[in-house]
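# Close look at the chain arrangement
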Amino acid sequence: MLPPPAWPLLWLGLVLGSCCADLEAAAQVNSSTDARNVLLIIVDDLRPSLGCYGDKLVKSPNIDQLASHSLLFQNAFAQQAVCAPSRVSFLTGRRPDTTRLYDFNSYWRVHSGNFSTLPQYFKENGYVTLSVGKVFHPGISSNHSDDSPYSWSFPPYHPSSEKYENTKTCRGQDGELHANLICPVDMADVPEGTLPDKQSTEEAIRLLEKMKTSASPFFLAVGYHKPHIPFRYPKEFQKLYPLENITLAPDPEVPDSLPAVAYNPWMDIRQREDVQALNISVPYGPIPVDFQRKIRQSYFASVSYLDTQVGRLLSALDDLQLANSTIIALTSDHGWALGEHGEWAKYSNFDVTTRVPLMFYVPGRTTSFLEAGEMLFPYLDPFDSASELMEPAFMFSMNLL
Ligand SMILES: [Ca+2]
């Protein structure tokens, strides 16, 4: 059967569940250690501005490398371009119409139905399930507990430096600290000397090391925060994107006939000190052209920073000799408009905010098994000009079911 034209993220559970269903059957015949592990990487607000999706500007060599060994979906869409409803939707395999969550303000088990989650399914089938960073949206929409204990075998991990994300940690030209939208930082200058995604990678690697010798298979979900606003990232990543190379969105104007209901006035970026200082009119703006370039530059720099975290995580998987026994899925909860239609936000229903990257690496299926000592995911440095776009090996060419 031909695939449908668009692959909603609800497919995530179907693919992961079905891959592992055969494996569970195999595990019953053999031993539980034959069941494959699952590493689910969820990135916050990442649209497919990646080399593997044909973006010529963005440097994402590690995600491209993963894509080159994966089944890569070109038309995957979130159910809604808002964190909590999208995550609850794909983690329960149900549409927002069923979970009754379109915002951040209710917990599905209380408000709509006691629906199982994807990690819960693995947990109830003999897996150790682990959560690092932002997997469920925090707060009431996951019962202030990331849906523990239903979904997770151990209390979820959250990086300690996350609490500084919205505080005044961005060094301005005046030498003072501000709560800016655009926030390249000197790692030596930030509180605790680290950033949340770096801490999440370190914790995820620590868990992989621990699980390597476990008798049970694992389901490890790692939720990265960037490129969600504020664009707070190590400043060297800005150098990957000289401003003179940054173009504006191809369609930067608010369409004349756009119904008001289809437009979101990007209030969450207007609250940042650097954006406030621009005195932009509400609701349509526009943002000054030079600042538009700076937003796009810092979104792309945040993506490259995120890519290095994915690279370190996958490289550790190789080092621990887990790449032959671990399925990897990478996706995002929704995209973000980088000036298209005059928008600088998620929240709308334009493709730039609903389309997401989605890829599945299944050892022995999307690639052959590795020989001893062979590396599938050696870390690739985005600053190294030799890191080139790798063509995905499998595009709609495999039936994983
Ligand atoms: Ca999000």
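Residues numbered from 1 in each chain as written. Predicted model: local features only at pLDDT ≥ 70, side-chain atom pairs only at ≥ 80, totals over all residues.

### What about the overall build of the protein chain?
- Across its full length, the protein chain carries eleven helices and eleven strands.
- Evaluated residue by residue, the protein chain yields a buried proportion of 48% over its 401 residues.
- At a minimum sequence separation of 6, the contacts of the protein chain that also span at least 24 residues come to 76%. (Helix = DSSP H or I, 4+ residues; strand = E, 2+ residues; numbered from the N terminus. Buried ≥ 20, exposed ≤ 12 C-beta atoms within 10 Å, placed from the backbone. Contact = placed C-beta atoms within 7 Å.)

### A word on the nonpolar core
- Leu-66 and Met-359 are the most contacted members of the largest nonpolar core, which totals 93 residues.
- Ranked by residues supplied to this core, first place goes to helix H10 (residues 289–319) with twelve residues.
- Contact partners of Leu-66, with chain neighbours within four places excluded, come to Leu-314, Ile-328, Leu-330, Met-359, Tyr-361 and Phe-377. (Core = buried A, V, L, I, M, F, W, Y, C linked by C-beta atoms within 7 Å.)

### Details of the packing of helix H2 (residues 61–68) against H10
- Contact geometry for H2 and H10: axes closest at 7 Å, N-to-C directions at 55°. Put simply, H2 runs oblique to H10. In this structure, H2 contributes Pro-61, Asn-62, Ile-63 and Leu-66 to the contact, and H10 contributes Asp-307, Thr-308, Val-310, Gly-311 and Leu-314. (Axes fitted to C-alpha atoms, helices over the stretch in contact; angles between N-to-C directions. Parallel < 35°, antiparallel > 145°, perpendicular 65-115°, else oblique.)

### Remarks on helix H3 (residues 83–92)
- Buried residues dominate H3, accounting for ten of its ten residues.
- By the burial criterion, the buried members of H3 are Cys-83, Ala-84, Pro-85, Ser-86, Arg-87, Val-88, Ser-89, Phe-90, Leu-91 and Thr-92.
- In the segment just after H3, Gly-93 is the residue with positive phi, at about 70°.

### Some points on H2
- Most of H2 sits inside the fold, with eight of its eight residues counted as buried.
- Each element contacted by the buried residues of H2 is listed here: strand E3 (71–77), H10, strand E10 (326–332) and strand E11 (355–361).

### Observations regarding the packing of helix H7 (residues 196–211) against H10
- Interhelical geometry of H7 versus H10 gives an angle of 10° and a closest axis separation of 10 Å. It follows that H7 is roughly parallel to H10 by the angle criterion. The residues of H10 that touch H7, namely those facing Asp-197, Lys-198, Thr-201, Ala-204, Ile-205 and Leu-208, are Leu-306, Gln-309, Arg-312, Leu-313, Ala-316 and Leu-317.
- Of the residues that constitute the contact of H7 with H10, the class distribution is seven nonpolar, two polar and three charged. (Nonpolar A, V, L, I, M, F, W, Y, C, P; charged D, E, K, R; others polar.)

### Brief notes about the confidence of the model for the protein chain
- When pLDDT is averaged along the protein chain, the result is 91, and 89% of the positions lie at 70 or above.
- Contacts of residues 1–5 to residues separated by more than four positions or lying in other chains number two contacts, the stretch itself having pLDDT below 50. (pLDDT = per-residue confidence, 0-100.)

### Observations regarding the pairing of strand E8 (residues 218–224)
- Among the seven residues that make up E8, seven are buried, leaving the element largely enclosed by the rest of the structure.
- What you see with E8 is no split at all: Phe-218, Leu-220, Val-222 and Tyr-224 on one side and Phe-219, Ala-221 and Gly-223 on the other are buried throughout.
- Across six bridges, the pairing between strand E2 (residues 37–43) and E8 is parallel. The residue of E8 that forms the bridge with Ile-41 is Val-222.
- Sheet topology places strand E4 (residues 128–133) next to E8; six bridges connect them, and they run parallel. Each bridged residue has a counterpart across the sheet, and for Leu-130 the counterpart in E8 is Leu-220. (Pairing = 2+ DSSP bridges.)

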